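# Descriptive analysis of the structure
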Amino acid sequence: MTDNTTRLDHVVLWVRDSIAAAGFYAEAVGLEPVRLTEFSEGEAPFPSVRVNEETILDLMPSAVAERMTMLPGAAESSGHPVNHVCLSLPADAFDALRSRLEERSVPVTDFSHDSFGARGPARRSFYFRDPDGNVFEARHYDGR
């Protein structure tokens, strides 16, 4: 995929049992599991299901909420069905977003590198909250 327009990359859902959740989404909803074997073998921290070519749902075990140190407040959000929404942007729009947030004194996390998403490892990503406390991740796959 080379189109780098802004789009939804993934949504992280808190689930009690990731394998059972993957089964539900595969069987009841008809979505293809991603990294289920790797999760079952302890090689991936969570499985996902594919919504379409460029969007996935991550099935995050709620038991790991307290260990999610890259996302301040993760443990408090574990009672809510959605952990965060991820926006995938081109590199220049990613940088512009971070600048706009910083100009408005919106707290942002440090950069993460090569985190897994719908299109594989992202070059860079960071997290921020909206005024209502909803958590967003911004990422880009292209460029620097």
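Shown above is the structure to which this text applies.
## Regarding the nonpolar core
- One finds V11, L13, V15, A21, A22, Y25, L31, V49, L57 and L59 forming the largest nonpolar core, which totals ten residues.
- Elements supplying a minimum of two residues to this core: β1 (7-15), α1 (18-27) and β4 (55-61).
- Residues F94, L101, F126 and F128 belong to the second largest nonpolar core, which totals seven residues.

## As for the packing of aromatic side chains
- Counted under the stated rule, the structure contains six aromatic pairs.
- When the ring of F128 is compared with that of F136, the centres are 5.7 Å apart and the planes differ by 15 degrees; the resulting orientation is stacked.
- In this structure F128 comes out as buried when scored by relative accessible area, which is 12%.
- Among the residues examined, F136 registers a relative accessible area of 21% and is labelled partly exposed.
- Aromatic rings pair up to connect F94, F111, F126, F128 and F136 into one cluster.
- For R98, the ring lying beneath its charged end belongs to F111, and the centroid distance is 4.2 Å.

## As for the side chain of S88
- Assignment of secondary structure puts S88 in strand β5 (residues 82-88).
- Within the structure, the side chain of S88 is placed 2.4 Å from the side chain of R119, a separation counted as a polar contact.
- In this view, S88 contacts T5, T6, R7, D9, R119, R139 and Y141; residues no more than four positions away in its chain are not counted.

## With respect to the sheet that holds strand β3 (residues 48-52)
- What the seven strands build is an open sheet, ordered β2-β3-β4-β1-β5-β9-β8; its pairing is mixed. Edge strands, defined here as strands with exactly one partner in the open sheet, are β2 (32-34) and β8 (124-129). Across the sheet, the mean angle separating the axes of adjacent strands is 25 degrees when strand polarity is ignored.
- Two elements, β2 and β3, share three bridges in a ladder whose sense is antiparallel. Residue pairing across strands places E32 opposite R50, the latter belonging to β3.
- Sitting on the sheet, α1 is in contact with β1, β2, β3 and β4, with an inclination near 150 degrees to β4.

Calculation criteria
- Residues numbered from 1 in each chain as written.
- Predicted model: local features only at pLDDT ≥ 70, side-chain atom pairs only at ≥ 80, totals over all residues.
- Heavy atoms only, no water.
- Core = buried A, V, L, I, M, F, W, Y, C linked by side-chain atoms within 4.5 Å.
- Buried < 20%, exposed > 50% of the residue type's maximum accessible area, 1.4 Å probe, protein only.
- Helix = DSSP H or I, 4+ residues; strand = E, 2+ residues; numbered from the N terminus.
- Phe/Tyr/Trp six-rings, centres within 6.5 Å; stacked < 30°, edge-to-face > 60°.
- Lys NZ or Arg CZ within 6 Å of the ring centre and 35° of its normal.
- Polar contact = N/O pair within 3.5 Å; in protein donor to acceptor, adjacent residues only side chain to side chain.
- Contact = heavy atoms within 4.5 Å.
- Pairing = 2+ DSSP bridges.
- Axes fitted to C-alpha atoms, helices over the stretch in contact; angles between N-to-C directions.

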